[in-house]
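# Structural overview
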Amino acid sequence: MFLQMENIGKTFIDQEKQSSFEVFSDIRITIPENQFVSILGPSGCGKSTLLSIVAGLENTTEGSISLQGKEINKPGPDRGMVFQQPSLFPWLDVRGNVTFPLRKRLSKQDADNHADRFLKMVQLSKFKNHYIYELSGGMQQRVAIARALAMDPKVLLMDEPFGALDEQTRHILQDKLLDIWQETQKTILFVTHSIQEAIKLSDRIIVMGTRPGRIISDIPIDLQRPREREDRNVIELEQHIMELLKIEINKVLKEELSDEFQHSS
Ligand SMILES: Nc1ncnc2c1ncn2[C@@H]1O[C@H](COP(=O)(O)OP(=O)(O)OP(=O)(O)O)[C@@H](O)[C@H]1O
């Protein structure tokens, strides 16, 4: 299998407090090449941690993870990451941000040409000489996507990439991302809090539960794209996922409220 997570577990250890916290255990996911997979789950279930493990930014404490049979234990150019905050360099212009990671392996001319191809893909050609502060949030996120794509990763890891954007921009970027995905044939692992976003974009939705973090459902989405919110199948799917998540979110709220009660009494 292309991307394989075998019985992954993650426990954070706090040396100072001599305590440990198990985020999740026994996560098994196999993802074929070119699949668009979204991960949904209540806050704290470990979605970002899981993505960081695939990125190689965090290690697993149990199990193993491999891409095309090669074990992942550090970051690599075969995986590109896009975060909620685009984390761009303010002292570089748009093109400079995209070429930055390419500088080591390409001449300036080649890096510029390469960057221009991806800036065209995210429709920012006209802005290549602009500085980051001159761009809207949606445009900045498009720069971050172009930068990740320019590395030609096999897998694109996206952690709530549109979470900080207004709804209109979010819809436009979702459509753009689908176009890019179809054009580049990347495998995408996409973390979101939005059920609608996950349904609109994905081939498959993995729903995680919490305390402890685990997979509670793995749902293939066979509906034709574009998917309209008003479509009966979309509405039914949305309700089904909402029910699954409601149980988990209520569990978290109950625990948090009882903690609060114990601390205040
Ligand atoms: N470096 C760390 N050290 C200790 N605990 C951590 C660390 N990183 C994350 N955690 C804890 O692990 C749990 C999972 O965090 P994570 O950010 O992966 O969840 P999430 O599902 O992405 O949440 P959200 O939807 O709110 O972004 C949380 O309880 C968090 O506090």
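Under the annotation held in an unreviewed UniProt entry, the protein chain carries the name Bicarbonate transport ATP-binding protein CmpC and is attributed to Virgibacillus massiliensis.

### So, the nonpolar core
Core analysis: the largest hydrophobic core is formed by 35 residues, its most contacted members being F36, I145, M158, L177, I188 and F190. For this core, the secondary-structure elements that each account for two or more residues are α2 (94–99), α3 (108–121), α4 (137–150), β7 (155–159), α5 (167–184) and β8 (187–191). Ranked by residues supplied to this core, first place goes to α4 with eight residues. When residues of this core are assigned to domains, at least three map to each of domain 1 (3–78 + 153–264) and domain 2 (88–152). Among residues more than four places away in sequence, those in contact with F36 are L177, L178, W181, I188, F190, L201, S202, D203 and R204. One finds I29, C45, L50 and I72 within the second-largest nonpolar core, a separate group that totals 27 residues.

### Brief notes about the domain arrangement of the protein chain
Parsing the protein chain into structural domains produces domain 1 (3–78 + 153–264) and domain 2 (88–152). Taking the mean C-alpha position of each, domain 1 and domain 2 sit 27 Å from one another. Tallying the contact residues gives 15 residues for domain 1 and 12 residues for domain 2. In terms of surface lost to domain 2, no three residues of domain 1 exceed P153, K176 and I180, which account for 36% of the buried area on that side. Inspection of the region where domain 1 meets domain 2 yields one salt bridge. Here K186 ties to D152 by a salt bridge, and the two come within 2.6 Å at their closest N and O atoms. Summed over the shared surface of domain 1 and domain 2, the number is three residue pairs in polar contact (both at pLDDT 80 or more).

### Focus on the side chain of K200
Residue placement: K200 occurs in helix α6 (residues 195–201). Separated by 3.1 Å, the side chains of K200 and Q174 make a polar contact. A distance of 3.1 Å separates a polar atom in the side chain of K200 from a polar atom in the side chain of D175. Among residues more than four places away in sequence, those in contact with K200 are H171, Q174, D175, L178, R225 and R227.

### Remarks on the packing of α4 against α5
Contact geometry of α4 with α5 gives a least axis separation of 11 Å together with a crossing angle of 20°. For the element pair α4 / α5, the angle class is roughly parallel. Along this stretch, α4 crosses α5, giving a crossing that reads as right-handed. Residue-level inspection shows G138, Q141, R142, I145 and L149 of α4 in contact with α5, the latter providing T169, L173 and I180.

Thresholds, definitions, all that
Residues numbered from 1 in each chain as written. Predicted model: local features only at pLDDT ≥ 70, side-chain atom pairs only at ≥ 80, totals over all residues. Heavy atoms only, no water. Core = buried A, V, L, I, M, F, W, Y, C linked by side-chain atoms within 4.5 Å. Buried < 20%, exposed > 50% of the residue type's maximum accessible area, 1.4 Å probe, protein only. Helix = DSSP H or I, 4+ residues; strand = E, 2+ residues; numbered from the N terminus. Domains from an automatic or database assignment. Contact = heavy atoms within 4.5 Å. Buried area = accessible area lost by both parts, 1.4 Å probe. Salt bridge = Lys/Arg side-chain N within 4 Å of Asp/Glu carboxyl O. Polar contact = N/O pair within 3.5 Å; in protein donor to acceptor, adjacent residues only side chain to side chain. Axes fitted to C-alpha atoms, helices over the stretch in contact; angles between N-to-C directions. Parallel < 35°, antiparallel > 145°, perpendicular 65-115°, else oblique. Left-handed = near helix turned anticlockwise from the far one by under 90°.

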